[in-house]
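Structural description and commentary
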Amino acid sequence: MAEVFDNKGVKIIPFYLPQFHTIPENDEWWGEGFTEWTNVKKAEPLFEGHDQPRIPLNHNYYNLMDDNVKIWQAKLAKEYGIFGFCYYHYWFKGGRQLLEKPAEQMLKNKEIDIPFCFCWANENWSKNWDGGNREVIMEQDYGSREDWEKHFQYFVQFFRDERYITVHGKPLLIIYKPEQIIDLQQMVAYFRKRAKEEGLPGLCCAFQFPMYYADMYYRNDIFDYRIGFEPVYSRNVEKLGRPGTAKKVELLRKTLGEKAVSNYRRIRQSKCGSNWGKPQNLSMFFYDETWEKILNNQWTREFLPGAFVDWDNTPRNKHGVMYEGFSIEKFGEYMKRLVKRAEEEKKPMIFINAWNEWGEGAFLEPDEKYGYQKLEAIKKALK
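Residues numbered from 1 in each chain as written. Predicted model: local features only at pLDDT ≥ 70, side-chain atom pairs only at ≥ 80, totals over all residues. Heavy atoms only, no water.

Description of the pairing of strand β10 (residues 204-207)
Each regular strand displays side chains that alternate between the two surfaces of the sheet. Residues of β10 alternate between two faces, with C204 and A206 on one and C205 and F207 on the opposite face, all of them buried. Where strand β9 (residues 170-175) meets β10, four bridges bridge the pair, whose relative direction is parallel. Note on β10: the bridge partner recorded for L172 is C204. Each parallel crossover has a hand, and the one from β9 via helix α6 (residues 184-197) to β10 is right-handed. Here two bridges tie β10 to strand β11 (residues 225-227), and the two strands are oriented parallel to one another. Across the sheet, A206 pairs through a bridge with Y225, a residue of β11. (Buried < 20%, exposed > 50% of the residue type's maximum accessible area, 1.4 Å probe, protein only. Helix = DSSP H or I, 4+ residues; strand = E, 2+ residues; numbered from the N terminus. Pairing = 2+ DSSP bridges. Right-handed = clockwise from strand over helix to strand, strands pointing away.)

With respect to the confidence of the model for the chain
When pLDDT is averaged along the chain, the result is 90, and 87% of the positions lie at 70 or above. For the stretch residues 268-279, pLDDT sits under 50, and the model shows 16 contacts to residues farther than four places along the chain or on other chains. (pLDDT = per-residue confidence, 0-100. Contact = heavy atoms within 4.5 Å.)

Things to note about the environment of N7
The residue N7 is located in the loop between β1 (2-3) and β2 (11-16) in this model. For N7 and P348, which are 341 residues apart along the polypeptide, the C-alpha to C-alpha distance reads 9.2 Å.

A word on unusual backbone geometry
Cis peptide bonds are those with omega within 30 degrees of zero, and the linkage from Q52 to P53 qualifies with 0°. Its location among the elements puts P53 in the loop between α2 (36-42) and α3 (67-79). The step from N353 to A354 runs through a cis peptide bond, and the omega angle for that step is 10°. With respect to the secondary-structure elements, A354 resides in the loop between β16 (349-353) and β17 (356-357). Phi is positive for N7, which is not a glycine, with a value near 60°.

Observations regarding the side chain of R54
Note that R54 resides in the loop between α2 and α3. Here the side chain of R54 touches D51 through a polar contact of 2.6 Å, landing on its backbone oxygen. Those residues in contact with R54 that sit more than four places away from it in its chain are V40, D310, D312, W358, G361 and F363. (Polar contact = N/O pair within 3.5 Å; in protein donor to acceptor, adjacent residues only side chain to side chain.)

Brief notes about the nonpolar core
Among the nonpolar cores identified, the biggest contains 120 residues, and L172, W291, F331, M335 and F351 are the most heavily contacted of them. When residues no more than four places from it in sequence are discounted, the contact partners of L172 are C117, F118, Y164, I165, T166, V167, C204, A206, M349 and F351. (Core = buried A, V, L, I, M, F, W, Y, C linked by side-chain atoms within 4.5 Å.)

Examining the packing of aromatic side chains
Working definition: an aromatic ring pair is given by the centre-to-centre distance plus the angle between the planes. Applying the stated criterion to the full structure yields 53 aromatic pairs. Each ring, one from F15 and one from F351, has its centre 5.5 Å from the other, and the planes form 25°; the classification is stacked. Of this pair, F15 sits in strand β2 while F351 sits in strand β16, placing them 336 residues apart in sequence. Overall, F351 belongs to the buried group, its relative accessible area being 1%. An angle of 15° between the planes, with centres 6.1 Å apart, marks the rings of W291 and F308 as stacked. Of this pair, W291 sits in helix α10 (residues 287-296) while F308 is found in strand β14 (residues 306-308), placing the two residues 17 residues apart along the sequence. A residue is classified by how much of its surface remains accessible, and W291, at 0% relative accessible area, is buried. For F308, a relative accessible area of 0% translates into the label buried. Sitting over the ring of W299, R341 keeps its end group 3.8 Å from the ring centre. (Phe/Tyr/Trp six-rings, centres within 6.5 Å; stacked < 30°, edge-to-face > 60°. Lys NZ or Arg CZ within 6 Å of the ring centre and 35° of its normal.)

Structural notes on helix α11 (residues 328-344)
Here α11 spans 24 Å end to end across 17 residues, near enough to the 24 Å set by a 1.5 Å rise per residue. Contacts from the buried residues of α11 go to β2, α10, β14, β16 and α12 (373-382). Downstream of α11 by a residue or two, K346 has a phi angle that is positive, lying close to 55°. (Expected span 1.5 Å × (residues − 1).)

Comments concerning a positive patch on the surface
A contiguous patch of positive charge on the surface is contributed by K336, K379, K380 and K383. Within the secondary structure, K336 sits in helix α11. Judged by relative accessible area, which is 39%, K336 ranks as partly exposed. (Patch = residues over 30% accessible without salt bridge, like charges linked within 9 Å, V, L, I, M, F, W, Y side chains within 5 Å. Areas by Shrake-Rupley, 256 points an atom, 1.4 Å probe, with all protein chains shown as cover. Salt bridge = Lys/Arg side-chain N within 4 Å of Asp/Glu carboxyl O. Lys, Arg positive; Asp, Glu negative; His and termini not counted. Charge placed at Lys NZ, Arg CZ, Asp CG, Glu CD.)

This is the structure we're talking about:
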C-alpha cells in the first residue's frame, strides 16, 4: 500500500478536482460542453493588475477522460516530489454520483502510477459554487445503514488498490464537511466496522473544512485527524471555538443518548435553512498575513498542516475571494518553512490546495506565466 509512515519524510498531498470533462448533468445545468475550463477561459481582469485569466502552459486545456492526461499528471507530480493526490469524491442522495469517471478509470489503469485517497465533498451541488442551500440542483441526503453500505461497497474497491494511501496500514478517508451529516458518529463507526469485516486493518478518518471544529455538535472522538484546509482554516482560526450551545448538546447526549442528538439536529436544520449570505463585493486578503498564520498556528497531536498555492475564485464568481501578494519566491520560502516544521513535529502529511483548482487560482500544474516554477518550489522545499 501507499503508506505515509514509511520513514521517508513528510508527504505532500494536493487536493485534486475532477471537473475537467463533460457530464450530462453539467450540460443541463450550465450549458452544453461545460467543464471547469469554461469558467477559467471566460475570466477577465476586474481591475488593473488583476492576474486573470490563468492560462495552462501550451494552452493545455485537457480532458480527464483521456488516460494519457492522468498518466502525465501522475508522472509530473512524482517528478517534483508530490506523494499522491486526494481526489474529490461526489456522492449524493440515493447513491447518485458526479464526476466519478476519472477515479474509476484510474483504478483500472495501473499506468496512472501515483498514490491517491478520497475526500468526500459532501455538500449540496448548487448554482452558487459554495455548497449552500440556494438553488440546490443536486441534494445531499445521508440516509440509513442501507445507504451507508452502498457507499462503503463503492469505496472498498479503491481501498484495496495498492496505490491507495494508508496511515499505519489503514486506508485514509477524508470528509469535507462533517457538520452537515446528522448521524455522523454512527456512519463513521459503521464504515470503520465494515473495513475490518472486509479484512482491512480499519480506516483512518480525517475531516477537512474547519467549521466542523466550531460546530455545536463537534466531538473529538470521531476522527483521527483534522486538516488545516488553507487558506480557509487560517483565515478563520481565531473564530474557531465551541459555541455555548455545545453544553446543551452535551447534556442532551449524556441524558438521552446519541439518537436524541440526531433528532434534535434534524429539527434544527429543517428550521434554519441556508446559513449562507449572498456576497455583493470582492473580498481581498493578504497572502503573507495568511501564510504567517499557517506557519505559526498551534498544532495539536491530531492536526495535519495545510498549505495553499494562491487563491482567486473570481472566474467562478466576480464577487468572490482573492489573495494579494503571491510570488513564486514567497511560496517557495513558505513551503520550506512549513516542511521543516512538519518534519520537526513528525507530521506525516501536508495537504496543499491544490493540484488543479484552476477556477480558484489554486493550482500547481504549469501555466503560461510561471511555467513549472510552483512545482520546482515544492521540490526545493522537500530537499
